[in-house]
Each structure stands twice: as structure tokens, then as C-alpha cells.
Amino acid sequence: MAEASNETKIAVSNLDLHYGAFHALHGITMNMPRNQITAFIGPSGCGKSTFLRCLNRMNDTIEGCRVEGSIRLDGEELYSKEIDVNLLRRRVGMVFQKANPFPMSVYDNVAFAMRVVGASPKAIKKRVPYILGLVGLQHKAKHYPTEMSGGERQRVGLARALVNNPSMIIADEPTGNIDPALSYEIVDLLSAINERGTTVLMVTHEHSLVKHFHKRIIQIHSGEIVADTAAISKGQQAAGQAVATQGPEALNRVGNRRAKEAQAKAYADALPYDKKEF
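Residues numbered from 1 in each chain as written. Predicted model: local features only at pLDDT ≥ 70, side-chain atom pairs only at ≥ 80, totals over all residues. Heavy atoms only, no water.

1. What about the packing of aromatic side chains?
Turning to step 1, where the next piece is worked out: Tallied over the full model, the rule gives 2 aromatic pairs.
Turning to step 2, where the next piece is worked out: Aromatic side chains Phe102 and Phe112 sit 5.1 Å apart centroid to centroid with 70 degrees between the ring planes, which places their arrangement in the edge-to-face category. One end of the pair, Phe102, is in the loop between strand E6 (92–95) and helix H3 (106–115); the other, Phe112, is in helix H3, and 10 residues separate them in sequence.
Turning to step 3, where the next piece is worked out: One residue, Arg160, lies across the ring of Phe102, its end atom 4.7 Å from the ring centre. (Phe/Tyr/Trp six-rings, centres within 6.5 Å; stacked < 30°, edge-to-face > 60°. Helix = DSSP H or I, 4+ residues; strand = E, 2+ residues; numbered from the N terminus. Lys NZ or Arg CZ within 6 Å of the ring centre and 35° of its normal.)

2. Some details on the sheet that holds strand E8 (residues 199–203)
Strand pairing in a sheet takes place through backbone hydrogen bonds and is either antiparallel or parallel in direction.
Turning to step 1, where the next piece is worked out: Strand order across the open sheet formed by 6 strands is E6-E7-E8-E3-E9-E10, with mixed pairing between neighbours. One side of each edge strand has no neighbouring strand; the edge strands of this open sheet are E6 and strand E10 (224–228). Direction aside, the axes of adjacent strands within the sheet are offset by 20 degrees on average.
Turning to step 2, where the next piece is worked out: Pairing of strand E3 (residues 37–41) with E8, which is carried by 4 bridges, proceeds in the parallel orientation. (Pairing = 2+ DSSP bridges. Axes fitted to C-alpha atoms, helices over the stretch in contact; angles between N-to-C directions.)

3. What about a nonpolar patch on the surface?
Turning to step 1, where the next piece is worked out: A cluster of nonpolar residues, Phe102, Phe112 and Val116, forms a patch on the protein surface that exposes about 250 Å² of accessible area.
Turning to step 2, where the next piece is worked out: Under the relative-accessibility criterion, Phe102 is labelled partly exposed at 31%. (Patch = residues over 30% accessible without salt bridge, like charges linked within 9 Å, V, L, I, M, F, W, Y side chains within 5 Å. Areas by Shrake-Rupley, 256 points an atom, 1.4 Å probe, with all protein chains shown as cover. Salt bridge = Lys/Arg side-chain N within 4 Å of Asp/Glu carboxyl O. Buried < 20%, exposed > 50% of the residue type's maximum accessible area, 1.4 Å probe, protein only.)

4. Regarding the side chain of Thr198
Turning to step 1, where the next piece is worked out: Tracing the sequence through the fold places Thr198 in the loop between helix H6 (180–195) and E8.
Turning to step 2, where the next piece is worked out: Once residues lying within four places of it in the same chain are set aside, the contact partners of Thr198 are Asn35, Pro166, Ser167, Met168, Ile169 and Ile193. (Contact = heavy atoms within 4.5 Å.)

5. What to know about the environment of Ala39
Turning to step 1, where the next piece is worked out: By the secondary structure assignment, Ala39 is in strand E3.
Turning to step 2, where the next piece is worked out: Between the C-alpha atom of Ala39 and that of His207, which follows or precedes it by 168 residues, the distance is 9.7 Å.

6. Some points on the layout of surface pockets
Turning to step 1, where the next piece is worked out: Of the pockets and cavities examined, the second largest pocket occupies roughly 650 Å³.
Turning to step 2, where the next piece is worked out: Around the second largest pocket, the lining comprises 25 residues; the ones closest to its centre are Met94, Phe96, Ala113, Arg160 and Ala161.
Turning to step 3, where the next piece is worked out: When contributions to the lining of the second largest pocket are tallied by element, the ones reaching two or more residues are helix H2 (85–91), E6, H3 and helix H5 (150–162).
Turning to step 4, where the next piece is worked out: If one sorts the elements of the lining of the second largest pocket by residue count, H5 sits on top with 6 residues.
Turning to step 5, where the next piece is worked out: Class assignment of the residues belonging to the lining of the second largest pocket gives a composition of 14 nonpolar, 6 polar and 5 charged. (1 Å grid on protein atoms, 1.4 Å probe; cavity = no way out; pocket = protein on both sides within 12 Å on 5 of 7 lines; lining within 4 Å. Points joined across faces, edges and corners; volume = space filled by probe spheres on them. Nonpolar A, V, L, I, M, F, W, Y, C, P; charged D, E, K, R; others polar.)

7. What about the environment of Thr61?
Turning to step 1, where the next piece is worked out: If you trace the backbone, Thr61 turns up in the loop between helix H1 (48–54) and strand E4 (65–73).
Turning to step 2, where the next piece is worked out: Accessibility expressed as a relative area gives 63% for Thr61, which makes it exposed.
Turning to step 3, where the next piece is worked out: At a separation of 2.9 Å, a polar atom in the side chain of Thr61 contacts the main-chain carbonyl oxygen of Met58. (Polar contact = N/O pair within 3.5 Å; in protein donor to acceptor, adjacent residues only side chain to side chain.)

8. Digging into H3
Turning to step 1, where the next piece is worked out: Listing the buried residues of H3 in full gives Val106, Asn109, Val110, Ala111, Ala113 and Met114.
Turning to step 2, where the next piece is worked out: On its buried face, H3 sits against helix H4 (121–134) and H5.

9. Digging into the pattern of salt bridges
Turning to step 1, where the next piece is worked out: Within the structure shown, the criterion is met by 11 salt bridges.
Turning to step 2, where the next piece is worked out: Among the salt bridges present, the one from Asp74 reaches Arg91, with a minimum N-O distance of 3.6 Å. In this pair, Asp74 is assigned in the loop between E4 and strand E5 (76–77) and Arg91 in helix H2, connecting sequence segments 17 residues apart.
Turning to step 3, where the next piece is worked out: Overall, the relative accessible area of 25% leaves Arg91 in the partly exposed class.
Turning to step 4, where the next piece is worked out: Residue Glu76 pairs with Arg91 through a salt bridge whose shortest N-O separation is 3.0 Å. Taken together, the residues span a long stretch of sequence, with Glu76 in strand E5 and Arg91 in helix H2 at a distance of 15 residues.

Next comes the structure, spelled out in C-alpha cells:
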């Protein structure tokens, strides 16, 4: 089983993102160690998915999007002109909220992700069954998406994200469109993948899920980080109390109004984490 490393996987410094005139992310700064699993929580529209899409530059496809600051993945600046974005997206797999498998067999869905990057037939024949076994779909290889449950289709999406051996997986609301009872299975699967050495970042609205897997939780509100259980685990002041008691200037806030709104929300949501209920 892989253990979380002190070696930094992602280093983010003073990250700001604008959609035209709209300022979506404000001064995001954090480090994430290699082999860690981290959940991002917060209300709809707070910037969770926007932030994670910066990590594989999916925001590049949005007209008017402008990114400022620094993001380093394995020490490499992601927004340098030398970065090959296609190669970056092979290194950072992505699982979306809505599973959209192609109208072909499960095997071919996963094999397709290898074919488009030029993998040999021999490599595909060896790798695809292994990945299907990893996500519990080895017995569904010949089935089509229309014959599968929502949870199984989401596993197909996860298998496609894993098959090219990325060092990191981004799961953007992976349980949002499936039965609540199956949500825990997806989270447990992500945890198992993390234990094999893959860094996992997950966005969710479901607080019961993040309590279930006992990992680092980062809360975003109005485009800013307002709570992080990494601080609690080091014996620092509870994140919610910090947000509630420190002034906007001390927390490097941009605008008093946003900071005050974030304070009340963060305090309420961080209290369960401070009490170690998760």
C-alpha cells in the first residue's frame, strides 16, 4: 500500500482566475503531497471545479478565461509555454459528474483511451483487462452502457481515466448522478486507487462521503480557501475558528464583503471537522 509522501505533488501559489470581468478564484495557495487523497467541498458556484480544471488546463477551452499565479505539478510549471497540454492531460486523468461512455462495449470504451494515444494492440490487450478488474468490471467487458447501472457507467469513466496510468486523478462530483447507496462504493474505489500510489482530488457536495473516507478536506467559498483540515491535523487552530476570528487582511482576503460571507459559512462547516467527527 502506498503511503502519503512529504514530497510535493502540487504547489499552487497566488492563483487567480478570471472569466472575462468575473473574478472566480482569489489568491489560492496550497501544497498537496504526493499520494494524498483530498476532497474539496463548498456550495455550488464557489470555484471548486474551476480550481481543479486548472490542474489539467481544461479551462483553456473557455473563451475569456485568464489565469494568473503559479501551479507546479511535480515541480513543473503548468502554465509555461513549454508545456504540452495533451501530454499533461494524460498525466492527470479526469472523471466527470455525468458518465458519458461511448456506444460500444465496456472493453472498447476503455481501449479507445489507449488507442487515441497510440498504444500498441499488445499493450491494450494486456492493460485493459487489468484496469477493468481494478474497478470491478471484468465481468462486464462485453456489455454495453445501456445494459449497465449508473454506478457501473461511472466505473467505466473511471477506468478510462486510469488506463493510461496517470499520476493523478481528478474526480469532479463523481457521485452526483448515482444512487446514494452506490456513492460510498465509488469513494471506496477512489481510496483503493489512491492506496496504489495515485494522487486523488475529488469535488463533492456530500459531506457524509468526506467524513467516510477520513482524508484531507479543503473548503472553498467565493473563490477562496476558507478551511483546510491539514492545518487541524498539525495541531494548528481549527480552520473554522480561524476564519471566524481573523480579519480579512490577515487572511489575505480580497474584499471585506466576500470575507464576511465566507466566515459564517466556513465556521459552520468546519466545526464537525474540528471535533473529529469524520
